[in-house]
Amino acid sequence: MSSKSKTIFVTGVAGFLGSHLSEKLVNLGHKVIGIDNMLGGYEDNVPKNIEFHKGDCCDYEKIKSLMKGVDVVYHCAATAHEGLSVFSPYEITKNNYLASVSIFSAAVNEKVERIIFCSSMARYGGQMTPFTEDMKPSPVDPYAISKVAAEEVLKNLCELNNIEYVIAVPHNIIGPRQKYDDPFRNVVSIMINRMMQGKAPIIYGDGKQTRCFSYIDDCLSCLIPMLDQKDLNKQIINIGPDEEFVTINKIAEICANLTGVNLKPIHKKDRPQEVKHATCSADKARTLLNYKTTVSLQDGIKKTFDYIKKRGTRPFDYNINIEIDNELTPSTWKNKEI
Ligand SMILES: NC(=O)c1ccc[n+]([C@@H]2O[C@H](COP(=O)([O-])OP(=O)(O)OC[C@H]3O[C@@H](n4cnc5c(N)ncnc54)[C@H](O)[C@@H]3O)[C@@H](O)[C@H]2O)c1
C-alpha cells in the first residue's frame, strides 16, 4: 500500500465491519468521513477520530455534499438481513440497492479514484460449493437480488466513467462490535446472547446447514489493500476462510461450551429460501491479497463471547418491521420468541 494519505468515505461506520475498517484506515493515516443512519450498529462503535455524520445513504443531496474531495469510497452500509429479506423486502432492498445507487452516483459525480463495494456470498445462491468468483450470480432472495443489482449498477457506472471498482464478497464475519441484540441475523451472537440469559439456542431446520465464519481481522486484512492495490480494479473477490466449514449444530455446541449453558437446542421450521450449503473458495484472495486465516473458528467465537460478556446480555431489538406476515413467516420473529 502506498503511504499517501487519502480522504476516504466509509458508509455504515456504526456497524460491525464499517467501524473496524474506518478505525484501521485512520490508524494508517487516512482521513475518514463516515455515515450511518443507526438502523443497525451501535453508537459507541463509531471511532472517535473520524468525521461522523448521522444520516441515510438514500439522502442523495446530503451524500453528494459529503462526497466533496473524497478519494476513495468503501460502501459497507446495508441491512444485511438475508433471511428476513423474504418478509421485509421493501426496507431491506431500499437500504441495499437504492442506498448503494445513491452512494455510487455521488461518488462517480465526484470522480473518486475507486469504489469498494461490500457485496455478499448470498450472490451465489444455492450453487455447488465452494463458490468461486467466476460463477454467475444466482440470488435466491431479495437481499441477494439487491446486492447483485447494486453490483451491476456499480460496474455500469464505473466502466462508463472510467472509475475503478472492487467487489468484496465477505462471508459470515464474527467478532467484537457485531450487533448481538438483533434477532434477525448474526447466528453466533444471537446464540451467545440467548445462552448467557439461560435460554436454549434456536436452530432453523435440522442444523446441518454448512457455513464458514471469518474473524473480523482476517476480513480487514483483505479490505485494506483494496484501497489502492493496482491489480484489483474490476475484481470480485471472496473474503474468508475455506479450511473450516461448520454446521449450525456445531456452532451451538461451541457456544454451549463457552457459556457453560448446555441446553438442548430448539429446532424451528426451515426458513424459506435459506441456502443449505454456503461456503466460498479463498483461492483468489490468497493469490491477489495474500489472504491467510490467522484466527481459528474456535478463537473467533471466543473473542465474540468475551465482547458480549463484557457488555452484558441485552433484550433483542425487533427494529425492522415485518412487511409480509403470513404462514411462512418464522414464529420466532412474528411472536418475538428470540
Ligand atoms: N457481517 C457479515 O457476516 C457479512 C457477510 C457478508 C457481507 N456483509 C456485508 O458487509 C457489510 C457490512 O456488514 P455488517 O455486518 O458490518 O453490518 P452491520 O449491520 O453491522 O452494519 C451496517 C451498518 O449500515 C447502517 N445502515 C443501514 N442502512 C443504511 C442507510 N440506508 N444509510 C446509512 N446507514 C445505513 C446500519 O445502521 C449499520 O450500522 C454489508 O454490506 C453486508 O451486506 C457482511
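All values reported here derive from a predicted model rather than from experimental measurement.

Here we take up helix H7 (residues 248-259). Along its 12 residues, H7 runs 16 Å from first to last C-alpha, staying within 8% of the 16 Å computed at 1.5 Å per residue. Taken residue by residue, H7 has Ile 248, Ile 251, Ala 252, Cys 255 and Thr 259 as its buried positions. One face of H7 carries all of its buried residues, which in axial projection span an arc of 100 degrees. The secondary structure elements touched by the buried residues of H7 are helix H5 (187-195), strand S8 (202-204), strand S12 (245-247) and helix H9 (297-311). A positive phi of about 75 degrees marks Gly 260, the residue just after H7.

Attention now goes to the domain arrangement of the chain. According to the domain assignment, the chain contains domain 1 (7-173 + 215-239) and domain 2 (175-211 + 242-281 + 294-317 + 328-333). Just the C-alpha atoms count here: the centres of domain 1 and domain 2 sit 24 Å apart. Tallying the contact residues gives 31 residues for domain 1 and 23 residues for domain 2. When contributions to the side of domain 1 that touches domain 2 are tallied by element, the ones reaching two or more residues are helix H1 (16-27) and helix H6 (216-223). Residue composition of the side of domain 1 that touches domain 2, grouped by class: 14 nonpolar, 14 polar and three charged.

This part covers the sheet that holds strand S2 (residues 31-36). Spatial ordering of the open sheet is given by S3-S2-S1-S4-S5-S6-S11, a layout of seven strands whose pairing is parallel. With partners counted over all chains shown, the strands left at the sheet margins are strand S3 (51-54) and strand S11 (235-239), one partner each. Taking the axes of each pair of neighbouring strands and ignoring which way they run, one obtains an average angle of 15 degrees across the sheet. In this sheet, strand S6 (residues 164-170) lies alongside strand S5 (residues 114-118) in parallel orientation, the contact comprising five bridges.

Turning next to the pairing of S11. Taking burial as the measure, the five residues of S11 include four buried ones, the bulk of the element. Here S6 runs beside S11; their pairing, made up of five bridges, is parallel. Bridging across to S11, Pro 170 finds its partner in Ile 239.

Where a protein is soluble and globular, its nonpolar side chains tend to be buried together. Val 73, Ile 115 and Ala 168 are the most contacted members of the largest nonpolar core, which totals 100 residues. At eight residues, helix H3 (residues 89-109) tops the list of elements feeding residues into this core. Built from parts of two domains, this core gets at least three residues from each of domain 1 (7-173 + 215-239) and domain 2 (175-211 + 242-281 + 294-317 + 328-333).

Moving on to the site of the ligand. Inspection of the region around the ligand gives 31 residues, with Gly 12, Gly 15, Leu 17, Gly 41 and Ala 78 positioned closest. At the level of secondary structure, the elements contributing two or more residues to the shell around the ligand comprise H1, S2 and H3.

Turning our attention to the packing of H5 against H7. As a packed pair, H5 and H7 sit with axes 10 Å apart at the nearest point and diverge in direction by 40 degrees. Accordingly, the angle class assigned to the pair H5 and H7 is oblique. Considering how the two elements wind past one another, H5 and H7 form a crossing that is right-handed. Here Val 187, Val 188, Met 191, Ile 192 and Met 195 of H5 lie close against H7, whose contacting residues are Ile 248, Ile 251, Ala 252, Cys 255, Ala 256 and Thr 259. For the contact of H5 with H7, a count of residues per class yields 10 nonpolar, one polar and no charged.

Calculation notes
Residues numbered from 1 in each chain as written. Predicted model: local features only at pLDDT ≥ 70, side-chain atom pairs only at ≥ 80, totals over all residues. Helix = DSSP H or I, 4+ residues; strand = E, 2+ residues; numbered from the N terminus. Expected span 1.5 Å × (residues − 1). Buried ≥ 20, exposed ≤ 12 C-beta atoms within 10 Å, placed from the backbone. Arc of directions from axis to C-beta. Contact = placed C-beta atoms within 7 Å. Domains from an automatic or database assignment. Nonpolar A, V, L, I, M, F, W, Y, C, P; charged D, E, K, R; others polar. Pairing = 2+ DSSP bridges. Axes fitted to C-alpha atoms, helices over the stretch in contact; angles between N-to-C directions. Core = buried A, V, L, I, M, F, W, Y, C linked by C-beta atoms within 7 Å. Near = placed C-beta within 6 Å. Parallel < 35°, antiparallel > 145°, perpendicular 65-115°, else oblique. Left-handed = near helix turned anticlockwise from the far one by under 90°.

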